[in-house]
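Chain by chain, the residues:
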Amino acid sequence: MAYKACVEGAAETAPVVATAPSGEAVVRLEQVRKSFGANLVLDGIDLSVDPGEVLVVIGPSGSGKSTLLRCVNLLEPIDEGRIFVTIAARRVGKVPKSEAVARAHELLERVGLDGKARSYPHQLSGGQQQRVAIARALMMRPHVMLFDEVTSALDPELVGEVLVVMRDLAKDGMTMLVVTHEMQFARDVGDRLIFMDDGKIVEQGQPNDVLDRPKAERTRRFLRRTLQLADSLEELTIEEGGVE
């Protein structure tokens, strides 16, 4: 059974849970506003993410992208508007150790790292640590996954191995809200793309349309300054040692 959690800004900050109609958006924001002091970070955001959709968010630093994810994840309270998140009901109980270990190995294998199951974090590369973090999140069987610049701190050679894992999640039908500067990933994997600036959604649409034929001058100016990955992700595969 699925439920919808509604979080409203200002006076009503406690989640209100109700049954979610079938086929509705997994995440929906209505006129969401968020400020830090006098700095308006989100200015009347309206958006939705459908089941199985990969929504990619791009924009310059300080445009409100990370704050958007933090508000969806309830890490930041909103000042105005409403956020709806459809969640799956689960029975919470103790999981047998053997079942948990088997599930952990299954997920590590999925991200190409089952051979590192007994390694400590300091023994892993940055890309491997990010892939383990994704496996750890999948352990909770999430209804939707939020990614905030997961490749920003990685060496260029390690970026691809993380993006390939995310690509494979998308192919498996995971609903994803992804903030990224990786334009080729947005083009290859995203179902829809939005460009944010100054706390507003300036432009949105199919990734190829927004990236190749942007309508807003601000979008065109941003894209002219943005480097894109030279190669498509379609031909890449994930291996324990990296991307092949």
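Everything that follows concerns the structure shown earlier in this document.
All figures in this text were calculated on a predicted structure; none of them were measured in a lab.

## Overview of the pairing of strand β9 (residues 192–197)
No. 1: For β9, a buried count of six out of six residues is recorded, marking the element as mostly surrounded by other parts of the structure.
No. 2: Here strand β5 (residues 54–58) runs beside β9; their pairing, made up of four bridges, is parallel. Of the residues in β9, the one forming a bridge with Val56 is Leu193.
No. 3: Where β9 folds back onto strand β10 (residues 200–205) in an antiparallel hairpin, the turn is made up of two residues, including Asp198, whose phi is positive at roughly 55°.

## Considering the sheet that holds β5
Pairing between sheet strands relies on hydrogen bonds along the backbone, with the strands arranged either parallel or antiparallel.
No. 1: Pairing is mixed across the open sheet formed by five strands, whose spatial order is β7-β8-β5-β9-β10. Where the open sheet ends on each side, the last strands, each with one partner, are β7 (144–148) and β10. Neighbour-to-neighbour, the strand axes of the sheet open up by a mean angle of 15°, direction not taken into account.
No. 2: Packing of helix α1 (residues 65–72) onto the sheet brings it into contact with β5, β7, β8 (175–179) and β9, and relative to β7 it is tilted by some 150°.
No. 3: Contacts from helix α4 (residues 156–171) reach β5, β7 and β8, with the element oriented near 145° to β8.

## Details of the nonpolar core
No. 1: Formed by 35 residues in total, the largest nonpolar core has its most connected members in Ile58, Ile134, Phe147, Met166, Leu169 and Met176.
No. 2: Apart from residues lying up to four places away in sequence, Ile58 is in contact with Lys65, Thr180, Met183, Leu193, Ile194, Phe195, Met196, Leu211, Phe222 and Leu223.
No. 3: Core analysis: the second largest hydrophobic core is formed by 22 residues, Val26, Val57, Cys71 and Ile194 among them.

## What about the environment of Leu211?
No. 1: Mapping Leu211 onto the fold places it in helix α6 (residues 207–212).
No. 2: Put simply, Leu211 and Ala186 are 25 residues apart on the chain and 9.1 Å apart in space, counted from C-alpha to C-alpha.
No. 3: Not counting residues within four places of it along the chain, the set of residues in contact with Leu211 comprises Ile58, Met183, Arg187, Leu193 and Leu223.

## What to know about unusual backbone geometry
No. 1: Unusually for a residue other than glycine, Arg141 sits at a positive phi of about 50°.
No. 2: Relative to the helices and strands, Arg141 is located in the loop between α3 (126–138) and β7.
No. 3: For Asp198, which is not glycine, the phi torsion reads 55° and is therefore positive.
No. 4: Residue position: Asp198 is located in the loop between β9 and β10.
No. 5: Assessed through its relative accessible area of 60%, Asp198 is described here as exposed.

## Thoughts on the packing of aromatic side chains
No. 1: If you walk through the whole model with that rule in mind, you get one aromatic pair.
No. 2: Seen in terms of ring centroids, Phe195 and Phe222 are 5.1 Å apart; in terms of plane orientation they differ by 40°. Their pairing is tilted. Here Phe195 is found in strand β9, whereas its partner Phe222 is found in helix α7 (residues 217–224), with 27 residues between them in sequence. Accessibility classification places Phe195 together with Phe222 in one group, the buried group.

## A few points about the side chain of Thr180
No. 1: Among the secondary structure elements, Thr180 is positioned in the loop between β8 and α5 (183–189).
No. 2: Of note is the side chain of Thr180, whose polar atom sits 2.9 Å from the backbone nitrogen of Glu182.
No. 3: Those residues in contact with Thr180 that lie beyond four places of it in its chain are Val56, Val57, Ile58, Glu149 and Phe185.

## Notes on α1
No. 1: Burial analysis of α1 places six of its eight residues in the buried class, which makes it a mostly covered element.
No. 2: Here α1 has its buried residues at Lys65, Thr67, Leu68, Leu69, Cys71 and Val72.

## Some thoughts on the packing of α3 against α4
No. 1: It is the contact of α3 with α4, at a shortest axis distance of 8 Å, that shows an interaxial angle of 20°. In terms of axis orientation, α3 runs roughly parallel to α4. The segment α3 lies against α4, with Gly126, Gly127, Gln128, Gln130, Arg131, Ile134 and Leu138 engaging Leu158, Glu161, Val162, Val165, Met166 and Leu169.
No. 2: Across the contact of α3 with α4, the residue classes break down as seven nonpolar, four polar and two charged.

Each value, and the rule that gives it
Numbering of residues starts from 1 in each chain and follows the order in which that chain's sequence is written. The model is predicted, so local features are restricted to residues of pLDDT at least 70 and side-chain atom pairs to those at 80 or more, both for listing and for counting; the totals for chains, interfaces and linings are taken over all residues. In computing side-chain properties, one takes all heavy atoms of the structure into account and sets aside hydrogens as well as water. Relative accessibility under 20% of the residue-type maximum defines a buried residue, over 50% an exposed one, and the middle range a partly exposed one, all with a 1.4 Å probe and only protein chains included. To qualify as a helix, a DSSP run of H or I must reach at least 4 residues; to qualify as a strand, a run of E must reach at least 2; elements of each kind are numbered from the N terminus. If DSSP finds at least two bridges between two strands, the strands pair. Axis angles are defined between N-to-C directions and span 0 to 180 degrees, where every axis is a line fitted to C-alpha atoms and, for a helix, only to the segment in contact. Residues are treated as being in contact if the distance between any of their heavy atoms lies within 4.5 Å. Buried residues of nine kinds, namely Ala, Val, Leu, Ile, Met, Phe, Trp, Tyr and Cys, make up a nonpolar core once their side-chain atoms join them within 4.5 Å. A pair of aromatic rings is counted whenever rings of Phe, Tyr or Trp (Trp by its six-membered ring) have centres within 6.5 Å, and the orientation is called stacked for planes under 30 degrees apart, edge-to-face for over 60 and tilted otherwise. Polar contacts here mean pairs of N or O atoms no more than 3.5 Å apart (in protein, one a potential hydrogen donor and the other a potential acceptor; neighbouring residues in sequence count only if both atoms are side-chain atoms). Any angle that is under 35 degrees is reported as roughly parallel, and any over 145 degrees as roughly antiparallel; angles of 65 to 115 degrees are reported as roughly perpendicular and all others as oblique. Any residue outside Ala, Val, Leu, Ile, Met, Phe, Trp, Tyr, Cys, Pro, Asp, Glu, Lys and Arg is labelled polar, Gly included; the first ten of those are nonpolar and the last four are charged.

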